[in-house]
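Each chain, written out:
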Number of protein chains: 2
Amino acid sequence: MFLILTNQPYLLPFASAAAALIYSIYLVRWILDQPQGTKDMLEISSAIAQGSSAYLKRQAKSAAMLALPISIILGLALGINTALGFLFGAAASAIAGFIGMNVAVRTNVRTTEAAKKGLNPALTTAFKGGSVTGLLVVGMALLVVTVFYYLTHDLPALIGLGFGGSLISVLARLGGGIYTKGADVGTDMVGKIEKNIPEDDIRNPGVIADLVGDNVGDCAGMAADLFETYAVTIVAAMILGHILFDNSASIFFPLALGGIAIIGSIIGSFFVKLGSDKAIMPALYKGLIVSAVFAAISFYPITTTFAPQLTGQNPFYLYLVSLIGIITTGLFVYITEAYTSKNSGPVKTIAEASVTGHGTNIIAGLAVSLKSTFFPVVVIAIAALGAFLLAGLYGVAIAAVSMLSLTGIVVAIDSFGPITDNAGGIAEMTNQPAKVREVTDGLDAVGNTTKAVTKGYAIGSAGLAALVLFAAYPQELSTATGHIQFDLSNPYVITGLFIGGALPYLFAAFCMEAVGKAAGAIVTEIRRQFKDIKGIMTGKNKPDYGRCVDIVTQAALKEMIVPALIPVVAPLIVGFVLGPQALGGLLIGSIITGIFVAISMTTGGAAWDNAKKYIEAGALGGKGSLAHQAAVTGDTVGDPYKDTAGPAINPMIKILNVVALLIAGFLV
Amino acid sequence: MFLILTNQPYLLPFASAAAALIYSIYLVRWILDQPQGTKDMLEISSAIAQGSSAYLKRQAKSAAMLALPISIILGLALGINTALGFLFGAAASAIAGFIGMNVAVRTNVRTTEAAKKGLNPALTTAFKGGSVTGLLVVGMALLVVTVFYYLTHDLPALIGLGFGGSLISVLARLGGGIYTKGADVGTDMVGKIEKNIPEDDIRNPGVIADLVGDNVGDCAGMAADLFETYAVTIVAAMILGHILFDNSASIFFPLALGGIAIIGSIIGSFFVKLGSDKAIMPALYKGLIVSAVFAAISFYPITTTFAPQLTGQNPFYLYLVSLIGIITTGLFVYITEAYTSKNSGPVKTIAEASVTGHGTNIIAGLAVSLKSTFFPVVVIAIAALGAFLLAGLYGVAIAAVSMLSLTGIVVAIDSFGPITDNAGGIAEMTNQPAKVREVTDGLDAVGNTTKAVTKGYAIGSAGLAALVLFAAYPQELSTATGHIQFDLSNPYVITGLFIGGALPYLFAAFCMEAVGKAAGAIVTEIRRQFKDIKGIMTGKNKPDYGRCVDIVTQAALKEMIVPALIPVVAPLIVGFVLGPQALGGLLIGSIITGIFVAISMTTGGAAWDNAKKYIEAGALGGKGSLAHQAAVTGDTVGDPYKDTAGPAINPMIKILNVVALLIAGFLV
């Protein structure tokens, strides 16, 4: 009955991708039909849309200037297919992010307007907006991989496609991350600590830049990130399958898993509705759970249909492996919540430490960052080991694909965050009635948790994906020479491990510095405006929002280039100077420290953020107290941790691996 | 002419160790002959001595309670020699630290008194005090290793000796580190930020605990740390030599290198004198340089004498390898200075970031922490690779031994730090004339830099030492089965890598939390005293120093136990449950993340400290400004980074490796 899956293997991927794209068009039309609210609301929303669009276009230009020379080099070294794949991958990722973000900036004000009617309308509007980005990401990714393979049948060239997605991803995460946190940190520090005015106060010159940052960072950045992880993992699984089994079933199996899970994400999104308890987070989780259950059930016929053609694979074991990916997603969600939700022990500890001052808040937050890495990493290690024991290297690849198959619903939930963040800002700045702000505040608070949870997911899946890419690397080398070993007793491997381990640290340092510089520039400008423009605090004169937007834009575009080149240049140097075994060590070294640095930063940053919210809700002295000031400092530090450096390590690790795969043939 | 080295191989080690111990006795008598100053100076110095001694005794008791059961298990599992070695190693380390610290707490007040006569007398007194600890560490370590081998000829049992030293080391670093930073952070936060009183103000209830902490942490802790690294590296080189060459020359060669370098340290210490420019740091570096040059020259005859008996070893290459260790030391000193000295770019960047507030100070400091890891790690990787290419695995071991041979002069320079720190505190608290305080302040400032530099050295040498231990591990396994591979493509190895990588993070988290708790308890108590004891600020009533001392003592002893057990338990679990290859992965994983976490913390913490001093010297607003407050926050965060968590990772990594070596025989 399911033989159509293997007889017409392109059908399911094409149909699911098409369904995702068609449904998102429908959602866009629904959103645009919703009322936009009053003139002052529209003014702000237009300013945000304008700023976001302008930034993304300039970022795309910078990306193109990097991408063109790279595509030429790829074309000369590896052939036109690889170069074309690279350009298609980059373009598809950029398009998905661009459209998704433009929809998000049109959804924010409609969410505020819907909040006047109640929590459910606002939730529905915001989530539909997020779903557009989610569906575009998985739809475009699956489509472009499937179409490219359909046209070229060139698996190695697909690595180029992955590379294109990775490049856009690292630039989006870097540029968007520096932008969002430079603006956020600078604006908060003057606003909350020095002027004692609340978040999103219209008198703060940095407030528009802050709201734009949410979109270019959290929305476009996450979209590009997960587009890339999704695409690269499916490609790696296809390649690994081809090497290990040398038949087409192993190539189409990952595509089928991705395809059916897209249907699951669409179905799951219908279930995001408030229950009678009016609790928001459970409403979103309902969507995730339905998608996961659908995937878990539908993976069975798919696995058992493809498995017979994969020699040596036990169908039931392969099915269990596909479940491992889904279970890992669940565990990551659970663990991240445990460390970052407002009621969790760690968050309360940080809040309580704030009572004794700034220093103890930071010490407590750093402690949480460090220890929050343990369980997620153990989960990844055990998932990988379990998948290997059940189904070998291909099993690890399938577990990764299965974990990433939920990307549609995950990105939908994630993009919900910046939309509600903006909606809350607009409500605040246009003095909406308390009833409306209650709704948007509630949605915004949940948005913080979803951002943390989805970042945990992004890193966990990236960790698995990187392992799969690494598994493909020696295979690529071996096709030339014979089996290459990466023995830890080999000093070249050890040297590579050390250098690879250094890269995430160097990379994260550049990110933190960039944010620090951008924030410092904004603080100076905001202080200047408060001093020079009379009547800002009384509302007599408007601040010059545009200057702040300009400052962060320039800072982000300038600072993102050097770190983006690190993962491209390092493997070239190590691979050609020290050899392929050192390069293998570099890959694993970067995965090891990278995972820890990334998790510590994203989880720690989220915990700091919610510790501040916990105090702002009234505990330990509430707003204005010393504890609150200390908590704002913690939130300030956690910002670049969780939104710039932490998330950017994902794509960095994968670029390293992709570049290694591309140059493997030249190293032997 | 030098054949006596190989004919009477015990002569040089015994003679050098004896020389070190005899010379330190002479130094102690010289110090005790110096005038102690006035009654009020003595009062404080006695309080410090009492507190330090009391703490160290209680720590030793806790250590004994852990050590006895362990020694029994070792005796039953591996034989009485191993158990005895364990006890001897632990005892020797504890004795060296105890005597050294007790001399330090008697040198501090004599340094203050000598400062009345000028900078050179004070420098000489303080450095002689530090030299006692330095010479005791290398003398006892070399003596106990040589004597034990002389009596038992049991190389595997020497691993037990290393384990004993490691256990004392991790407890001293943990307990001492939690003590010193809990006291320092808590005292500073109330004193400098809330009460705006200067450092070491006699009205601050926590000030005695703070001064005691310098001794139990920086002095005793560093002594135990480097005792262990020194002993363990020499033992590992002896074992590796025996496996690779199976003759006695390879066993005595490391002992000879260690021995001659002790003579070099003694000679170098004579050169620590102020030049005409009255610059302190160069005076200390003169001692280090002379010791290094002496070692470099004297290694030649020693190497060329032993090398002929080491089949396949090129004598000149082996000599170059011994130079690699010395050069690595120099590079580490240089790089650490570049990131932490008061005039360096990174420190100024942190200071400037403090102008925009607490948050940007922390962001800047974290950025410096992260990027300061790059060059040191690259240096270690290249040193290890270079040593291997010149002389194989034994070369890496000899490079490590050569780097560690300078331990005598390094610990002398390091222990100079807490002595001058105390001396400055005593001068402040007894209202010495400005002329005297100028001298002690100058020495204290240099003390901070020496602490940072020697910590960098400790980690760099620990990294090399850990690699040597890891090199011995598969050899220990192989003697039973056949050559064991640790291929990165083996998922058990990958799992081990991940779990191993998690351990330093978990460990560091416990350290940070412990300091946070201790500091919080002290802040609460100090605030209480300021509220309840009238007239503290006017000097009418004395604060209750003893209560603060009690609080940190209890906190330190309680919190050090769990983290100390992590590196003992983890390899047992992983080794027996997942197997020897996973354990190998765990060792390397812990070295990789451990080195980065340790360097980022010690260097970042030192940079934060000196950024604060830079501002306190008058820049960017000077004392009392917002920038100063932000810098104090940074210093507060950097404290547990550089004095608790960072340094404690050294011994943790080595315990992991030593335990793996001990259980290797049972895993196959």
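Now for a quick tour of the structure.

Looking now at the overall build of chain A. For chain A, the helix and strand inventory stands at 20 helices and zero strands. For chain A, the C-alpha radius of gyration of 24 Å lies close to 26 Å, the compact-globule estimate for 668 residues. Here the C-alpha coordinates of chain A stretch approximately 75 × 55 × 45 Å along the principal axes. In chain A, once contacts between residues fewer than 6 apart in sequence are set aside, the share between residues at least 24 apart is 85%. In the form shown here, chain A has an accessible surface area of approximately 19700 Å², with 64% of it arising from carbon and sulfur atoms. Taken as two groups, the 39 positive and 39 negative side-chain charges of chain A have centres that lie 6 Å from each other.

A few words on the side chain of S405(B). All names here are of chain B. Relative to the helices and strands, S405 is located in the loop between α13 (374-404) and α14 (407-429). Among the polar contacts listed, one links the side chain of S405 to the backbone oxygen of S402, at a separation of 2.6 Å. The residues contacting S405, other than those within four sequence positions of it, are Y230, L257, G258, A261, S265, F299 and Y457.

Okay, empty space enclosed by the protein next. Tallied over the full model, the rule gives 15 cavities of 30 Å³ or more. Here the largest cavity is characterised by a volume of approximately 200 Å³. Looking at the largest cavity, it is lined by 16 residues, and the ones nearest its centre are L370(A), Y505(A), Y641(A), L370(B) and Y641(B). Of all the secondary-structure elements, those providing two or more residues to the lining of the largest cavity are α12 (358-371) and α19 (580-616) of chain A together with α12 (358-371) and α19 (580-616) of chain B. Among the residues forming the lining of the largest cavity, the class breakdown is twelve nonpolar, four polar and no charged.

Residues and elements named next belong to chain A. Where helix α16 (residues 491-532) meets helix α18 (residues 561-578), the axes come as close as 10 Å, and the angle between the chain directions of the two elements is 170°. Taken together, the axis directions place α16 and α18 in an arrangement best described as roughly antiparallel. Taken together, the residues of α18 that come into contact with α16 (itself represented by Y492, T495, I499, L503, L506, F507 and F510) are V562, P563, A564, I566, A570, V574 and L578. Tallied by class, residues from the contact of α16 with α18 come to 13 nonpolar, one polar and no charged.

Moving on, we come to the pattern of salt bridges. Summed over the entire model, instances satisfying the criterion amount to 47 salt bridges over all chains. D421(B) is the salt-bridge partner of K451(B), the closest N and O atoms lying 3.2 Å from each other. Linking K451(B) in helix α15 (residues 434-478) with D421(B) in helix α14, this pair joins segments that are 30 residues apart in sequence. Of the two residues examined, K451(B) and D421(B), each falls in the buried class. Measuring nitrogen to oxygen at the nearest pair gives 3.4 Å for the salt bridge that ties E525(B) to R547(B). Remark: R547(B) occurs in helix α17 (residues 545-559) and E525(B) occurs in helix α16 (residues 491-532); sequence separation between them is 22 residues. For R547(B), a relative accessible area of 44% puts it in the partly exposed group. Through salt bridges that share partners, K181(A), D184(A), K455(A), D609(A), K612(A), K613(A), D635(A), D639(A), K642(A) and D643(A) make up one connected network.

Residue and element names in this part refer to chain A. With 23 residues, helix α2 (residues 11-33) should cover 33 Å at 1.5 Å per step; its first-to-last C-alpha distance of 33 Å lies within 8% of that length. Buried residues of α2: L12, P13, S16, A17, A20, L21, Y23, S24, L27 and I31, and no others. Looking at the buried positions of α2, the neighbouring elements they touch are α1 (4-7), α4 (80-115), α5 (119-152), α8 (248-269) and α9 (280-306).

Another point: the interface of chain A and chain B. Counting from both sides, the interface comprises 67 residues of chain A and, opposite them, 67 residues of chain B. Carbon and sulfur atoms supply 80% of the area buried between chain A and chain B, which totals about 6000 Å² over both sides. Our count for the chain A to chain B interface comes out at two salt bridges. The salt bridge partner of K371(A) is E513(B), with a shortest N-O separation of 2.6 Å. Taken together, chain A and chain B are joined by five residue pairs in polar contact (both at pLDDT 80 or more). Per element, the largest residue contribution to the side of chain A that touches chain B is 20 residues, and it comes from α16(A). When grouped by side-chain class, the residues that make up the side of chain A that touches chain B number 45 nonpolar, 18 polar and four charged.

This part covers the packing of aromatic side chains. Each aromatic ring pair is characterised by the separation of its centres together with the angle its planes make. Residues and elements named next belong to chain A. Considering all chains together, one arrives at 38 aromatic pairs over all chains under this definition. Three or more aromatic residues joined by ring pairs make a cluster, and in this case those are Y10, F14, Y149, Y150 and F252. Sitting over the ring of W30, K128 keeps its end group 4.8 Å from the ring centre.

This next bit is on the packing of helix α3 (residues 39-78) of chain A against helix α14 (residues 407-429) of chain A. Residue and element names in this part refer to chain A. For the pair α3 and α14, interaxial distance at closest approach is 9 Å and the crossing angle is 140°. The angle between the axes of α3 and α14 places the two elements in the oblique class. Classified by chirality, the crossing of α14 by α3 is right-handed. The residues of α14 that touch α3, namely those facing M41, I44, S45 and I48, are N422, I426 and M429.

A separate point is the nonpolar core. Judged by nonpolar contacts, the single largest core of 520 residues is most densely connected at V145(A), Y473(A), V145(B) and Y473(B). Those residues within four positions of V145(B) in sequence are excluded, and the remaining contacts are L158(B), L161(B), A231(B), I234(B), V235(B), M238(B) and L255(B).

Moving on, we get to the relation of the copies chain A and chain B. Note on the copies: chain A fits chain B at an RMSD of 0.0 Å, the axial shift is 0.0 Å, and the rotation between them is 180°. Such a combination of rotation and displacement between the chain copies is what one expects of a two-fold axis. Among all residues of chain A, the one whose C-alpha sits closest to the rotation axis is D487(A), at a distance of 2.2 Å. Interface overlap between copies is the fraction of interface residues in one copy that are interface residues in the other; for chain A against chain B it reaches 100%, indicating a shared surface.

Basis of the calculations
- Residues numbered from 1 in each chain as written.
- Chains lettered and ligands numbered in written order.
- Predicted model: local features only at pLDDT ≥ 70, side-chain atom pairs only at ≥ 80, totals over all residues.
- Heavy atoms only, no water.
- Helix = DSSP H or I, 4+ residues; strand = E, 2+ residues; numbered from the N terminus.
- Rg over C-alpha atoms; globule rule 2.2 N^0.38 Å.
- Contact = heavy atoms within 4.5 Å.
- Areas by Shrake-Rupley, 256 points an atom, 1.4 Å probe, with all protein chains shown as cover.
- Lys, Arg positive; Asp, Glu negative; His and termini not counted.
- Charge placed at Lys NZ, Arg CZ, Asp CG, Glu CD.
- Polar contact = N/O pair within 3.5 Å; in protein donor to acceptor, adjacent residues only side chain to side chain.
- 1 Å grid on protein atoms, 1.4 Å probe; cavity = no way out; pocket = protein on both sides within 12 Å on 5 of 7 lines; lining within 4 Å.
- Points joined across faces, edges and corners; volume = space filled by probe spheres on them.
- Nonpolar A, V, L, I, M, F, W, Y, C, P; charged D, E, K, R; others polar.
- Axes fitted to C-alpha atoms, helices over the stretch in contact; angles between N-to-C directions.
- Parallel < 35°, antiparallel > 145°, perpendicular 65-115°, else oblique.
- Salt bridge = Lys/Arg side-chain N within 4 Å of Asp/Glu carboxyl O.
- Buried < 20%, exposed > 50% of the residue type's maximum accessible area, 1.4 Å probe, protein only.
- Expected span 1.5 Å × (residues − 1).
- Buried area = accessible area lost by both parts, 1.4 Å probe.
- Phe/Tyr/Trp six-rings, centres within 6.5 Å; stacked < 30°, edge-to-face > 60°.
- Lys NZ or Arg CZ within 6 Å of the ring centre and 35° of its normal.
- Left-handed = near helix turned anticlockwise from the far one by under 90°.
- Core = buried A, V, L, I, M, F, W, Y, C linked by side-chain atoms within 4.5 Å.
- Least-squares fit on C-alpha atoms with pLDDT ≥ 70 in both.

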